[in-house]
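# A look at the structure
Here's the letter readout for the chains.
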Amino acid sequence: MNATSTEYWLGIDCGGTYLKAGLYDRQGAELCISRQALPVISEHPGWAERDMSALWQSCIDTIANVLRQSGVSGQQVQGIGISAQGKGLFLLDKNEKPLGNAMLSSDRRAIEVVSQWQRDGLPELLYPLTRQTLWTGHPVSLLRWVKLHQPERYRQIGSVMMAHDYLRFCLTGERACEETNISESNLYNMTLGGYDPQLTELLGISEVNSAIPPVVGSAEISGRVTEEVAAKTGLCVGTPVVGGLFDVVSTALCAGLQDEFTLNAVMGTWAVTSGLAPEICQHEAHPYVYGRYANALSSDEKNYIVHEASPTSSANLEWLTQQLGGLGFEEINRLVAALPKAGSDVMFLPFLYGSNAGLDMTAGFYGLQSLHHRGHLLQAVYEGVIFSHMTHLNRMRERFTQVNKLRVTGGPAHSKVWMQMLADVSGLPIELPQVEETGCLGAALAALVGCGVYSDFKQAQGQLSHDIQRIEPDDAAWSAYQHKFTRYQYLIEALQTYHVRCSSLNKS
């Protein structure tokens, strides 16, 4: 591969299953991508961990690989940004060494912590301050769990970080927490625009206040590549590294969100629906999650990204295909497309990694009979994931009442069958930005802004010229899907009653 430009910007994306590194020119054109799988460690039920030292080694290898494959030298790399999965907990000890494995956003060990907080009414106290719900994979929930169950480890905490904060620290030796990510941690007061000691006091983890690094902006240069890292990767000593982005923000940038008429759905481990808003609304129908948007160095008035989300998306399909022998995506689409739309009684609750219907809810099929085959199972997973997304999309449409289209990114966006299903169920046109790696590109855009190539993210976003495919809803299928979606909701309600009764049985 021959580089045609003399200058490139490196975007690193640390996701739930892969670490990727991509090189981009100043117009956002991709030169090369390198990928490496990231294993998840699950030593106990509900745990989802990552070896921090192994993650950093994967990052070193991936950077070195993308430079080697592209033929780009370290001198040509002008800046580096990192996009990463949000939430979770990456701890360093007081000597700045990894303190055990990282805990990922899909980790569910803190269920009882969150349940107790709910019983105590803590979410109602926190939400006006943080604009966050309380979730098992939040840093604060995991910190509280560590304090209760691993007190010696808790006493050794020197730094509290999330994924891209840790990788940035490894690259530069500088501690910081990037704003679009840390603003959705329940450690950040959304109105004040910074940390708030009363939050950790309410959550019972105030001992970690001194271990929380300062906030850094998405495009703010927060460190430079060290001599040791340069020797291992091929990068140059002193290459600037910017704060980076929460991957949902990165996706919104690459999807071209600029107003309140378009929502963006991310389909990966998490089902996320996002929109942009210029201000926080005080009286809303649902407790929407707010985060700071990538507005460092920007004059753009849209300062907030608003979400509805849960870990209930396409990772459920990955699990099933592993059990079925690793079916390819083309074969899965063929099997699903061969069946009548919404024609099966089989339903699937996509709650393998968490739920948007209660902490106790788990995944399962319902309606199976001997006549059903693996195609029906796969169709039910496709439908269940869409139905779960609809839970969030319907709530978001109460907040964004003028939405007229939905942009979608993530693995399922490569399936016309799945995207047609989403259009049919939602009744909205689906737009598919033809950006393969939104995490890497968004991170590179942050580096371009931070290095002064563009004055702000809006200007950088305007340089992107990717095609957008559009899928129109099939009105004839809408009624059948609505009928099945209603049955899906009835099943959830029935199981919620089941869990309530089980809980009372356990207490007795």
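As the structure is a computational prediction, the values presented were derived from the model and not from experiment.

The rules behind the values
Residues numbered from 1 in each chain as written. Predicted model: local features only at pLDDT ≥ 70, side-chain atom pairs only at ≥ 80, totals over all residues. Heavy atoms only, no water. Phe/Tyr/Trp six-rings, centres within 6.5 Å; stacked < 30°, edge-to-face > 60°. Lys NZ or Arg CZ within 6 Å of the ring centre and 35° of its normal. Pairing = 2+ DSSP bridges. Helix = DSSP H or I, 4+ residues; strand = E, 2+ residues; numbered from the N terminus. Axes fitted to C-alpha atoms, helices over the stretch in contact; angles between N-to-C directions. Contact = heavy atoms within 4.5 Å. Buried < 20%, exposed > 50% of the residue type's maximum accessible area, 1.4 Å probe, protein only. Core = buried A, V, L, I, M, F, W, Y, C linked by side-chain atoms within 4.5 Å. pLDDT = per-residue confidence, 0-100.

## A word on the packing of aromatic side chains
Summed over the entire model, instances satisfying the criterion amount to nine aromatic pairs. Just above the ring of Trp-47 sits the side chain of Arg-109; from NZ or CZ to the centre is 3.7 Å. The cationic tip of Arg-399 hangs over the ring face of Phe-400; the distance from NZ or CZ to the ring centre is 4.7 Å.

## Some remarks on the sheet that holds strand E19 (residues 304–310)
Judged by pairing direction, the sheet is mixed, and its seven strands sit side by side in the order E18-E19-E17-E16-E22-E23-E24 without closing on themselves. Each edge of the sheet is formed by a strand with only one pairing partner; in this case those strands are strand E18 (289–292) and strand E24 (468–471). The sheet shows a mean angle of 30 degrees between the axes of neighbouring strands, taken without regard to direction. Helix H10 (residues 247–254) rests against strand E16 (262–267), strand E17 (271–277), E18, E19, strand E22 (405–410) and strand E23 (430–433) of the sheet, and its axis sits at about 115 degrees to E19.

## Things to note about helix H14 (residues 416–426)
Given 3.6 residues per turn, any residue in an α-helix points the same way as the ones three and four places further on. With respect to burial, H14 is a largely interior element, eight of its eleven residues being buried. Listed in full, the buried residues belonging to H14 are Trp-418, Met-419, Met-421, Leu-422, Ala-423, Asp-424, Val-425 and Ser-426. Where H14 terminates, the next one or two residues include Gly-427, which has phi positive at roughly 75 degrees.

## Considerations on the nonpolar core
Grouped together as the largest cluster of nonpolar side chains are 90 residues, with contacts concentrated most on Ile-157, Val-160, Leu-406, Val-408, Trp-418, Met-419 and Ile-430. The element that contributes the greatest number of residues to this core is helix H13 (residues 374–399), accounting for eleven residues. Among all residues touching Val-160, those that are not within four sequence positions of it are Leu-89, Phe-90, Leu-91, Leu-143, Cys-177, Val-208, Ala-211, Ile-212 and Pro-213. Counting residues in hydrophobic clusters, the runner-up holds 40 residues, among them Leu-38, Cys-59, Met-161 and Val-241.

## Observations concerning the confidence of the model for the protein
On average, residues of the protein score 93 in pLDDT, and 97% of them reach the 70 mark or higher. Segment residues 296–300: pLDDT under 50, and 13 contacts once partners within four positions in sequence are set aside and those in other chains are kept.

## Focus on the environment of Gly-367
Position of Gly-367 relative to the elements: it lies in the loop between strand E21 (364–366) and H13. Here the alpha-carbon distance between Gly-367 and Arg-399, two residues 32 residues apart in the chain, equals 34 Å. If sequence neighbours within four positions are ignored, Gly-367 has contacts with Asp-345, Val-346 and His-372.

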